[in-house]
Amino acid sequence: MRQLSKVKHSRNQWKHKATQRGDRDRDQRKQIARITAERDRAIAALKEAQAHLRQFETPNQALVARPQGELVFLALQLFLVARIGFRAVSRVLSLLAWALGLKKAPCPQTIIHWVMRLVMVRIDSARLLRGVPLRLAPFRNGLIWMIDISIGLGTGKIVAVLACDAHHHQLTPDALSLERVHCIGVSVADAWTGEIIAELLGRLLAVMGRPAAYLKDGGGDLHKAVALLAEQGLASPCIDDISHAVAGMLKRSYHAHPTFETFLSACGRVSGKRTHTILACLAPPKVRTKARFMHVHRLFTWADRVLQLSPCGAAKAGST
């Protein structure tokens, strides 16, 4: 009996150890299965993330391979449509270089070269430009030429001749825009006289024919140039720009007026005291001395608004 008892006790111990070992093995198999499933999910997520990143990288690689013409077109659109300067265009392209896939954004001088090439192409194509025929003047090209000498280039001055259709306001209800204006001539000289301007206009007339009218400011040199063309039998009606005409009348009436001088002096004092302060928004707008009467309405509008916001005597003593 003692021997049988020993065998039974030994068998019970072996069963207990086998049971513990089996439980441990089952736990290990469960842990291995869980870890394997998590590893498979992590690998799948990694592959999906890599594929997603490749989708973002692919457009950049495609943009790098795009022709140079698309970059030139974008730069010209920023300059001509968005109306920002050459340096501003370069800065915008620098900010968008990563999104556009550009290794280096073009510098302002490069953008200037692109604009100059576009100008030369458009000037060359303007030779075939013709406006709507005029019934009363069949030998004219139906265009209004706008002449201006106000642009400076170094020590010289630029004369720009632009053309627009004489029937623009009959063809479209919108105001004259940049797309409706064509540059037909540009020239630079140290000084412009009526004779030199008449010679330039004569060369343009030989290519494009007589315009329906000339639109100019009240300058005497431009008036003399048109008169010289009339003496040669190349006359066209001459239209003075209404803004320059009104500015000329204001200048003759108020240039030496003591009240106007007092007003300008007050605007200057306000600008000096308000600029670079927390009330800089109340400073008067800047008006160039040369074209003061062209934009003098800005000063009058500003003064009227300021007086409405803060009438005389309303501010406390010693306040800003």
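Higher on the page you've got the structure.
Residues numbered from 1 in each chain as written. Predicted model: local features only at pLDDT ≥ 70, side-chain atom pairs only at ≥ 80, totals over all residues. Heavy atoms only, no water.

Caption draft 1: Main features of the overall build of the protein. A tally of helices and strands in the protein yields 11 helices and 5 strands. A buried classification covers 25% of the 320 residues belonging to the protein. Taking all contacts inside the protein whose residues are at least 6 apart in sequence as the whole, residues at least 24 apart take part in 59%. Counting only carbon and sulfur atoms, one obtains 60% of the accessible surface of the protein, whose full area is about 23000 Å². (Helix = DSSP H or I, 4+ residues; strand = E, 2+ residues; numbered from the N terminus. Buried < 20%, exposed > 50% of the residue type's maximum accessible area, 1.4 Å probe, protein only. Contact = heavy atoms within 4.5 Å. Areas by Shrake-Rupley, 256 points an atom, 1.4 Å probe, with all protein chains shown as cover.)

Caption draft 2: Examining the packing of helix α3 (residues 86–95) against helix α5 (residues 108–125) more closely. α5 packs onto α3 with a crossing angle of 115° between their chain directions and a minimal axis gap of 8 Å. Looking at the two axes, α3 sits roughly perpendicular to α5. Classified by chirality, the crossing of α5 by α3 is right-handed. For the pair α3 and α5, contact is made by F86, R87, V89 and S90 and by P108, I111, I112 and V115, respectively. Counted by class, the contact of α3 with α5 contains 6 nonpolar, 1 polar and 1 charged residues. (Axes fitted to C-alpha atoms, helices over the stretch in contact; angles between N-to-C directions. Parallel < 35°, antiparallel > 145°, perpendicular 65-115°, else oblique. Left-handed = near helix turned anticlockwise from the far one by under 90°. Nonpolar A, V, L, I, M, F, W, Y, C, P; charged D, E, K, R; others polar.)

Caption draft 3: A look at helix α8 (residues 220–231). Here α8 is 12 residues long and its end C-alpha atoms lie 17 Å apart, about the 16 Å a rise of 1.5 Å per residue gives. For α8, the complete set of buried residues consists of L222, A225, V226 and L229. What you see down the axis of α8 is that its buried residues fit within an arc of 95°, all on one side. Seen from the open side of α8, the exposed residues pointing more than 90 degrees away from its buried face are G220, H223 and E231. Taken from the residues just after α8, G233 is the one with a positive phi, measuring 80°. (Expected span 1.5 Å × (residues − 1). Arc of directions from axis to C-beta.)

Caption draft 4: View of the pairing of strand β2 (residues 156–165). Across the 10 residues that make up β2, a large majority, 7, are buried. Examined bridge by bridge, β2 and strand β3 (residues 182–189) share 7 bridges and lie antiparallel to one another. From the neighbouring strand, K157 faces β3, where its bridge partner is A189. (Pairing = 2+ DSSP bridges.)

Caption draft 5: Spotlight on the nonpolar core. Counting 22 residues, the largest nonpolar core has W145, V159, V161, W192, I197, L201 and Y214 as the members making the most contacts within it. Within the residue set of this core, elements represented by two or more residues are β1 (143–153), β2, β3, α7 (194–208) and α8. With 7 residues, α7 is the single largest residue contributor to this core. Beyond its immediate chain neighbours, meaning those up to four positions away, V161 contacts W145, M146, H182, C183, I184, G185, L201 and L204. In this structure, L71, A105, I111 and W114 belong to the second largest nonpolar core, which totals 11 residues. (Core = buried A, V, L, I, M, F, W, Y, C linked by side-chain atoms within 4.5 Å.)

Caption draft 6: Looking closely at the layout of surface pockets. In this structure, the second largest pocket spans a volume of roughly 990 Å³. If you go around the second largest pocket, you meet 35 residues; those closest to its centre are D148, S150, D217, H244 and K290. Within the residue set of the lining of the second largest pocket, elements represented by two or more residues are β1, β4 (213–216), α8 and α9 (242–254). Looking at the lining of the second largest pocket, the element that brings in the most residues is β1, giving 7 residues. Of the residues that constitute the lining of the second largest pocket, the class distribution is 14 nonpolar, 9 polar and 12 charged. (1 Å grid on protein atoms, 1.4 Å probe; cavity = no way out; pocket = protein on both sides within 12 Å on 5 of 7 lines; lining within 4 Å. Points joined across faces, edges and corners; volume = space filled by probe spheres on them.)

Caption draft 7: Region of the structure containing the pattern of salt bridges. Taken as a whole and judged by the stated rule, the model has 6 salt bridges. The closest approach of N and O atoms between R26 and D23, which form a salt bridge, is 2.0 Å. Of this pair, R26 and D23 both sit in helix α1 (residues 2–64), separated by 3 residues, roughly a single helical turn. On the basis of relative accessible area, D23 is assigned to the partly exposed category, the value being 33%. (Salt bridge = Lys/Arg side-chain N within 4 Å of Asp/Glu carboxyl O.)

Caption draft 8: Examining the environment of I111 more closely. Among the structural elements, I111 can be located in helix α5. Judged by relative accessible area, which is 0%, I111 ranks as buried. Remark: the alpha-carbon pair of I111 and L76, spanning 35 residues in sequence, is separated by 7.9 Å. Those residues in contact with I111, other than ones at most four positions away along the chain, are F86, V89, S90 and P106.

Caption draft 9: The side chain of S90, seen in detail. The topology assignment puts S90 in helix α3. Beyond its immediate stretch of four places on either side in the chain, S90 contacts A105, P106, C107, P108 and I111.

Caption draft 10: Representation of unusual backbone geometry. In the Ramachandran plot, R83 falls in the positive-phi region, its phi being about 60° despite a non-glycine side chain. Relative to the assigned elements, R83 resides in the loop between α2 (68–80) and α3. On the basis of relative accessibility, which here comes to 57%, the residue R83 falls in the exposed class. For H276, which is not glycine, the phi torsion reads 65° and is therefore positive. As for its position among the elements, H276 is in the loop between α10 (258–274) and α11 (296–309).

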